[in-house]
Amino acid sequence: MRLANLDGRAVILTDDASGFDVFDASAGRFGPSIQDVYEKWEAFSEWGPEASGPAIAIEESQLGPVSPRPFQAFGIGLNYDEHVAESGFGRPEKLPPVFPKFQSSIAGPFETVELVPGGRTDWEAELVVVIGRMAHRIAEGSGWDHVAGVTVGQDLSERTTQLDGPAPQFGLGKSFPGYSPQGPWLVTPDELPDRDDLAIFCELDGERMQDGRTSQMIFDVATLVEQLSAIVTLHPGDVIYSGTPSGVGFVREPARLIRPGETLVTTIEGVGTIRQVFTG
Ligand code: ZN
């Protein structure tokens, strides 16, 4: 099943260009917003695949974030070996670095993003995991049972803020307005060719910058959910930006950062594509 946030309403997709309204089709049982759907995910995930309704056209410009107001949004650092190597940090052994992606930075899949004036903004293509069932101290190996689905995200990072000061500011450096785009829709794990091994790549103005597979994660999706739940309680609709493969710009020689007017296109196999245009 694929579920979109179309102008604030949850819509089940029947193909890339059409779908039907969840609230109307369920006579008010689920929705109207996508966040309302996550609150009743277990019942919804049984109802949804059998449901149908009057067709609505899906316009790209109407698509909003897959989880616009999560109770919590997490970012995971250093979760791919080649990215660990290029960034110069040590390899995490027990827990990866975890930081907040503050809610006001969340944006839809095709929004224009204003670059931080005088900043150094970089790309980080990431698989975004959306929680569907509350999780606290869950059993080993049961992480996927708490996941509603996945979507495509960018953990856009302003490197000066991120790395400035006596201690790094990962949360703030990655939470400027529009710096947490996600979409174009939620895809349930059963729709994926292999939920633990998906091609992930991004292109800046047509040049391939990152090219990895989610199977290269040091801590896979199930482990991340399990590890986070050992400490915090995960709520339906919570999102986890699960880390980026190698190929970011600020560690290149010379550094390559996003410039006004450029377009960033990010794709995950079996999930979809998002696109950001940047202004200065
Ligand atoms: Zn990241």
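Because the structure is a prediction, the values reported are computed rather than measured.

Draft legend 1. The arrangement of the domain arrangement of the protein chain in detail. Partitioning the protein chain into structural domains gives domain 1 (2-62) and domain 2 (73-279). Averaged C-alpha coordinates put domain 1 and domain 2 at centres separated by 25 Å. Across the domain 1-domain 2 interface, the total number found is one salt bridge. Between Glu-60 and Arg-275 there is a salt bridge; the shortest N-O distance is 2.5 Å.

Draft legend 2. Spatial organisation of the nonpolar core. Counting 51 residues, the largest nonpolar core has Val-221, Val-225, Ile-240, Ile-258, Leu-264 and Val-271 as the members making the most contacts within it. There are two domains that each give this core at least three residues, and those are domain 1 (2-62) and domain 2 (73-279). Residues contacting Ile-240, with those up to four places away along its chain left out, are Phe-74, Ile-76, Leu-127, Val-128, Val-129, Ile-131, Val-225 and Leu-228. Core analysis: the next-biggest nonpolar cluster, separate from the first, contains 23 residues, Phe-30, Tyr-38, Trp-41 and Leu-186 among them.

Draft legend 3. Structural view of empty space enclosed by the protein. Tallied over the entire structure, the rule returns one cavity of 30 Å³ or more. Roughly 130 Å³ of internal volume is contained in the largest cavity. Lining the largest cavity are 18 residues, and of these His-83, Glu-124, Gln-162, Phe-170 and Lys-174 sit closest to its centre. Where the lining of the largest cavity is concerned, the elements lending two or more residues are α4 (81-87) and α5 (159-163). With three residues, α5 is the largest single contributor of residues to the lining of the largest cavity. A per-class count over the lining of the largest cavity returns seven nonpolar, six polar and five charged.

Draft legend 4. Broad picture of the pattern of salt bridges. One pass over the structure, following the stated rule, counts 18 salt bridges. In this structure, Asp-24 and Arg-9 form a salt bridge, with 3.5 Å as the shortest nitrogen-oxygen distance. With a gap of 15 residues between them, Asp-24 in helix α1 (residues 22-25) and Arg-9 in strand β2 (residues 9-15) connect regions that are remote in the sequence. By relative accessible area, which is 54% here, Asp-24 ends up exposed. Residue Arg-9 is classed as partly exposed on the basis of its relative accessible area, which comes to 30%. Put simply, Lys-101, Asp-122, Glu-124, Asp-155, Arg-159 and Lys-174 are held in one network by salt bridges that share partners.

Parameters and conventions
- Residues numbered from 1 in each chain as written.
- Predicted model: local features only at pLDDT ≥ 70, side-chain atom pairs only at ≥ 80, totals over all residues.
- Heavy atoms only, no water.
- Domains from an automatic or database assignment.
- Salt bridge = Lys/Arg side-chain N within 4 Å of Asp/Glu carboxyl O.
- Core = buried A, V, L, I, M, F, W, Y, C linked by side-chain atoms within 4.5 Å.
- Buried < 20%, exposed > 50% of the residue type's maximum accessible area, 1.4 Å probe, protein only.
- Contact = heavy atoms within 4.5 Å.
- 1 Å grid on protein atoms, 1.4 Å probe; cavity = no way out; pocket = protein on both sides within 12 Å on 5 of 7 lines; lining within 4 Å.
- Points joined across faces, edges and corners; volume = space filled by probe spheres on them.
- Helix = DSSP H or I, 4+ residues; strand = E, 2+ residues; numbered from the N terminus.
- Nonpolar A, V, L, I, M, F, W, Y, C, P; charged D, E, K, R; others polar.

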